[in-house]
Amino acid sequence: MKALLMTPSTLLHSLAATAPAKWLCAYRWRVGIRARNTLSLSEMTLNDFSLLEAPYGHFYADPFLVERQKRIFLFMEDYNYVTRIAKLVCSEMTPQCQVIETRTVVEQPYHMSYPHVFFLDGSYFMIPETAAADRVELYRAVSFPWDWKLEAVLMSGTKLQDPTHVVINNRHWIFAGGSSTGACGQYDELHLFHAPTLYDRFRPHPGNPVKLGLASSRPAGRITVEAGRLIRPAQDCSRWYGCGLKFMAVDLISDSAYAEHEVSSLPDAWLLDGYLGTHTYNSSENFEAIDVCSYGLEVPAIMGRTRTLFQRIAGTHAAARLSPTAREITPDAIKTELPRRHTA
């Protein structure tokens, strides 16, 4: 495991992430956007990015960029510390990376994040993370970018983190994170699923999990093609959740095999800017976006934890209600099984 670079921010995190201080503190994610230039991610600093401000008691994370008809749209998770769930929002941006307006685009009674937006066959689609509902949902834009319809449930009965869709050799793939322990922050598995079309049943790869390890399993953004190679952003969770980013080149992907290797990562020098790390990277033709995390006292988070505690004591902490409006892709059964690789 990589040695920890000690800074005031990482020292505070180490001290405050244990009880009883943990009750008073929370992670604070922020989204940054910049115009693309000749600087690589390893060369730039956070000063190159314009950081968006979320409303009080909220944070923004998981940015996805779309440029359409000379307009710039930034999709994000909008987390509410008090309710302890997130909805999905979209901000229209100026070319100078200033917010024009922000609207809610998808909201459910359960936690949502990672609004992976993509264009396919003349339509915009979104596959967000809905692990809190134990399923993977597909949304279609009725009127891009503000109006979205729940189109289908691609998989259900399992918790998958940050599902990322990509078409490879005319086959549809979903890359998703998982946890061998089920513990929060222990995202050490990469799972693959494939289907002939977006509306067919997604079948699990026989090697699932195709990768094990905290350092580069969980997805962290769109899979892109660079210099003829498929590049997959991956989260580094080896020291704590979202401590960094790695970029993996896909060497082999088939119905029976998968292989990748690391080509670059964000340097620890980013921690010197007062942040603990970053766990999402996405780009469009002319812009790129990241999220960065700090940790400290957060009064709305205390309110949210207290609220949840009283709900549990009163027996009113109900399970999330699922939307009945989407058709289920997986036939004959609700569950999508995740085969496990046995390790010694």
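The model shown is predicted, which means the values in this text are computed figures rather than measured ones.

Student: Explain the packing of aromatic side chains residue by residue, including any values.
Tutor: Scanning the entire structure with this criterion turns up 18 aromatic pairs. An angle of 20 degrees between the planes, with centres 4.8 Å apart, marks the rings of phenylalanine 59 and tyrosine 79 as stacked. Of this pair, phenylalanine 59 sits in strand β3 (residues 58-68) while tyrosine 79 sits in strand β4 (residues 71-80), placing them 20 residues apart in sequence. In this structure phenylalanine 59 comes out as buried when scored by relative accessible area, which is 9%. When the centroid spacing of 6.0 Å and the interplanar angle of 85 degrees are considered together, the rings of phenylalanine 75 and tryptophan 148 count as edge-to-face. You can see phenylalanine 75 sitting in strand β4 and its partner tryptophan 148 sitting in strand β10 (residues 147-156), a full 73 residues away along the chain.

Student: Just give me the short version of the pairing of strand β17 (residues 229-236), but keep the residues and values in it.
Tutor: In terms of burial, β17 is a largely internal element, seven of the eight residues being buried. Relative to β17, strand β16 (residues 224-226) runs antiparallel, the two being bridged by three bridges. Its bridge partner being in β17, valine 225 is matched across the sheet by leucine 230. Bridge count between β17 and strand β18 (residues 244-253): six bridges; the pairing is antiparallel. Bridge pairing in β18 links glutamine 235 to leucine 245.

Student: Could you give an account of the pairing of β18, with specific residues and numbers?
Tutor: Burial analysis of β18 places eight of its ten residues in the buried class, the great majority of the element. Looking at chain direction, β18 and strand β19 (residues 258-265) are connected through seven bridges and run antiparallel. Across the sheet, residue phenylalanine 247 finds its bridge partner in β19, namely serine 264. Connecting the antiparallel pair β18 and β19 is a turn made up of four residues.

Student: Run through the nonpolar core, naming residues and quoting values.
Tutor: In terms of nonpolar packing, the biggest core is built from 21 residues, with Phe75, Phe144 and Trp148 touching the most fellow members. Of all the elements in the fold, those that place two or more residues in this core are β3, β4, β5 (85-93), β6 (99-106), β7 (113-120), β8 (123-129), β9 (135-143) and β10. If we ignore the near neighbours within four places in the chain, the residues touching phenylalanine 144 are Val66, Arg68, Phe73, Phe75, Val117 and Tyr124. Counting 15 residues, the second largest nonpolar core, distinct from the first, contains Phe118, Val136, Leu198 and Phe202.

Student: Break down unusual backbone geometry for me, with residues and values.
Tutor: Among all residues except glycine, the phi angle is most often negative; among peptide bonds, the trans geometry is most common. The omega torsion across phenylalanine 144 and proline 145 is 5 degrees, close enough to zero to call that bond cis. On the secondary structure map, proline 145 appears in the loop between β9 and β10. Asparagine 208 connects to proline 209 through a cis peptide bond whose omega is -10 degrees. Within the secondary structure, proline 209 is located in the loop between β14 (203-204) and β15 (211-212). Even without being a glycine, asparagine 170 presents a positive backbone phi close to 65 degrees. Here asparagine 170 lies in the loop between β11 (161-168) and β12 (171-178). Residue asparagine 170 is classed as exposed on the basis of its relative accessible area, which comes to 71%. The backbone of alanine 227 shows a phi angle near 55 degrees, a positive value even though the residue is not glycine.

Criteria and thresholds
- Residues numbered from 1 in each chain as written.
- Predicted model: local features only at pLDDT ≥ 70, side-chain atom pairs only at ≥ 80, totals over all residues.
- Heavy atoms only, no water.
- Phe/Tyr/Trp six-rings, centres within 6.5 Å; stacked < 30°, edge-to-face > 60°.
- Helix = DSSP H or I, 4+ residues; strand = E, 2+ residues; numbered from the N terminus.
- Buried < 20%, exposed > 50% of the residue type's maximum accessible area, 1.4 Å probe, protein only.
- Pairing = 2+ DSSP bridges.
- Core = buried A, V, L, I, M, F, W, Y, C linked by side-chain atoms within 4.5 Å.
- Contact = heavy atoms within 4.5 Å.

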